[in-house]
Amino acid sequence: MNTINFDLDTTVNLAGVELKNPVMTASGTFGSGEEYSEFVDLNRLGAVVTKGVANVPWPGNPAPRIAETYGGMMNAIGLQNPGIKVFCRRDIPFLKKFDTKIIVNVCGKTTEDYLEVVERLAEEPVDLLEINISCPNVKEGGIAFGQDPKSAEHITREVKKHAKQPVIMKLSPNVTSIAEMAKAVEAGGADVISLINTLTGMKIDIHRQTFAVANKTGGVSGPAIRPIAVRMVYEAAQAVKVPLIGMGGITCGEDALEFILAGASAVSVGTANFYNPSATIEVAEGIEAYMRQHKTEHFRDLIGLVK
């Protein structure tokens, strides 16, 4: 096959923030960047999405917190994190050394918790905020913010009032209609939507005759959930106008391109990082190879091609 010699334009614009390529890390699978920096050249990523950050340190759930499942894994970490003060002092200065965009994932237990972090980050040199309303282990009034359209729209609107950076709302797949949830956060003012977070699952250790994780349930991720994630990204893309970041079981360029053709403007690589630290770079290279093969000069021309 003849190779086509032209300059590839892999840039993508998310709410006014230009990424050099559409590949980023999925929150909670890459630390805050430093942990993977000896394996991955962070300069080659479109963005680094940090682990969830709360207003105060969270200890997380009791161990065991991770279990292997067929085609993936299950986690119930409980968003353990050192809190916003340590994050701003330690992690942001480290990430600023690299030519990549910084997306901070924000978690909380109440609206006020989220707003405290969002206001603190308004003073920091970060590019976008990803608001985690969809962790199956973090609930208010017995239901995650991301499972009720009115709650999701309300918290989006409140965050937007206080945020200096563009806001990404991260959706839960544990809902009846992902399109309805996407419309709700768009109505609340979301600049970008990311999906999907983990699916709630359970694993029983038959030898110990107990739950595989102490929390009883956990978030299932990895290749086994990818077809569900692609379907949800497609449904969201048909329902809203804002850009989407697709994730869920991406291990290579081909996987990522399913999300892109379904309507995602960018993709996040998560579980694959645990067993292949180079996964993000391989995904970026795979997308470039596909663009050359299909004589596509501009990445944006691939977004949502499959109707």
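Just above sits the structure.
A brief look at the structure comes next.

Cut-offs used in this document
Residues numbered from 1 in each chain as written. Predicted model: local features only at pLDDT ≥ 70, side-chain atom pairs only at ≥ 80, totals over all residues. Heavy atoms only, no water. Helix = DSSP H or I, 4+ residues; strand = E, 2+ residues; numbered from the N terminus. Rg over C-alpha atoms; globule rule 2.2 N^0.38 Å. Contact = heavy atoms within 4.5 Å. Disulfide = S-S within 2.5 Å. Patch = residues over 30% accessible without salt bridge, like charges linked within 9 Å, V, L, I, M, F, W, Y side chains within 5 Å. Areas by Shrake-Rupley, 256 points an atom, 1.4 Å probe, with all protein chains shown as cover. Salt bridge = Lys/Arg side-chain N within 4 Å of Asp/Glu carboxyl O. Buried < 20%, exposed > 50% of the residue type's maximum accessible area, 1.4 Å probe, protein only. Pairing = 2+ DSSP bridges. Right-handed = clockwise from strand over helix to strand, strands pointing away. Core = buried A, V, L, I, M, F, W, Y, C linked by side-chain atoms within 4.5 Å. Phe/Tyr/Trp six-rings, centres within 6.5 Å; stacked < 30°, edge-to-face > 60°. Lys NZ or Arg CZ within 6 Å of the ring centre and 35° of its normal. Axes fitted to C-alpha atoms, helices over the stretch in contact; angles between N-to-C directions. Expected span 1.5 Å × (residues − 1). Arc of directions from axis to C-beta.

## Quick look at the overall build of the chain
Within the chain, the regular secondary structure consists of eight helices and 16 strands. Against the compact-globule benchmark of 19 Å for 307 residues, the chain has a radius of gyration of 18 Å, which places it among compact chains. In terms of overall dimensions, the chain has a C-alpha envelope of 55 × 50 × 40 Å along the principal axes. Of all intrachain contacts in the chain linking residues separated by at least 6 positions in sequence, the fraction that spans at least 24 positions is 71%.

## Considerations on the state of the cysteines
Counted under the stated rule, the structure contains zero disulfides. In this structure Cys 88 is not part of a disulfide, and its nearest cysteine sulfur, from Cys 107, lies 13 Å away.

## Overview of a nonpolar patch on the surface
A cluster of nonpolar side chains, contributed by Met 202, Ile 204 and Ile 206, occupies part of the molecular surface with about 320 Å² of accessible area. One can find Ile 204 in strand β12 (residues 204–205). Of the residues examined, Ile 204 reaches a relative accessible area of 43% and is grouped as partly exposed.

## Examining the pairing of strand β8 (residues 128–132)
Burial analysis of β8 places five of its five residues in the buried class, the great majority of the element. With four bridges connecting them, strand β7 (residues 101–106) and β8 associate as parallel partners. Bridge pairing in β8 links Asn 105 to Glu 130. Remark: the β7/helix α2 (residues 111–121)/β8 crossover connection has right-handed handedness. For β8 and strand β9 (residues 167–170), the ladder comprises four bridges, and the chain directions are parallel.

## Things to note about the pairing of β7
Most of β7 sits out of view: five of its six residues are buried. Here strand β4 (residues 47–49) pairs with β7 via three bridges, running parallel. Pairing of Val 48 across the sheet is with Ile 102, part of β7.

## A short note on the nonpolar core
Leu 121, Ile 131, Ile 193 and Leu 195 are the most contacted members of the largest nonpolar core, which has 92 residues in total. Each residue touching Ile 131, except ones within four places of it in the same chain, is listed here: Val 106, Tyr 114, Val 118, Val 159, Val 167, Ile 168, Met 169 and Lys 170.

## Structural notes on the packing of aromatic side chains
By the definition in use, this model includes four aromatic pairs. Ring centres 6.5 Å apart and planes at 70° place the aromatic pair Tyr 36 and Phe 39 in the edge-to-face group. You can call Tyr 36 buried: its relative accessible area is 11%. Taken together, a centroid distance of 5.7 Å and an interplanar angle of 75° make the contact between Tyr 114 and Phe 145 edge-to-face. With Tyr 114 in helix α2 and Phe 145 in the loop between β8 and α3 (149–162), this pair connects stretches of sequence that are 31 residues apart. Neither residue differs from the other here; Tyr 114 and Phe 145 are each classed as buried. Every member of this aromatic cluster is reached through a ring pair, and the members are Phe 30, Tyr 36 and Phe 39. Note that Lys 109 overlies the ring of Trp 58, its terminal NZ or CZ placed 4.7 Å from the centroid.

## Points about the pattern of salt bridges
Applying the stated criterion across every chain yields a total of 13 salt bridges. The closest approach of N and O atoms between Arg 231 and Glu 235, which form a salt bridge, is 3.2 Å. On the criterion of helical spacing, the pair formed by Arg 231 and Glu 235 is a turn pair, its members being four residues apart in helix α5 (residues 226–239). One continuous salt-bridge network, built from bridges that share partners, spans Arg 120, Glu 123 and Glu 124.

## What to know about the sheet that holds strand β11 (residues 199–202)
Here four strands make up an open sheet; going across it, the order is β5-β6-β14-β11 and the pairing antiparallel. Of all the strands in the sheet, the pair left with one neighbour each is β5 (66–69) and β11. Shown here is a sheet whose adjacent strand axes are inclined to one another by a mean of 40°, direction ignored. By the bridge criterion, four bridges tie β5 to strand β6 (residues 72–75) in an arrangement that is antiparallel. Each residue of the ladder has a partner; that of Ile 66, found in β6, is Asn 75.

## Thoughts on α5
Given 3.6 residues per helical turn, the α-helix brings residues three or four places apart onto the same face. The end-to-end C-alpha distance of α5, which contains 14 residues, comes to 20 Å, matching closely the 20 Å that a straight helix rising 1.5 Å per residue would cover. Taken residue by residue, α5 has Arg 226, Ala 229, Val 230, Met 232, Val 233 and Ala 236 as its buried positions. The buried side chains of α5 occupy one side of the element, clustering within an arc of 165° when seen end-on. Buried-residue contacts for α5 involve α4 (178–187), β10 (192–195), β15 (244–247) and α6 (253–262).

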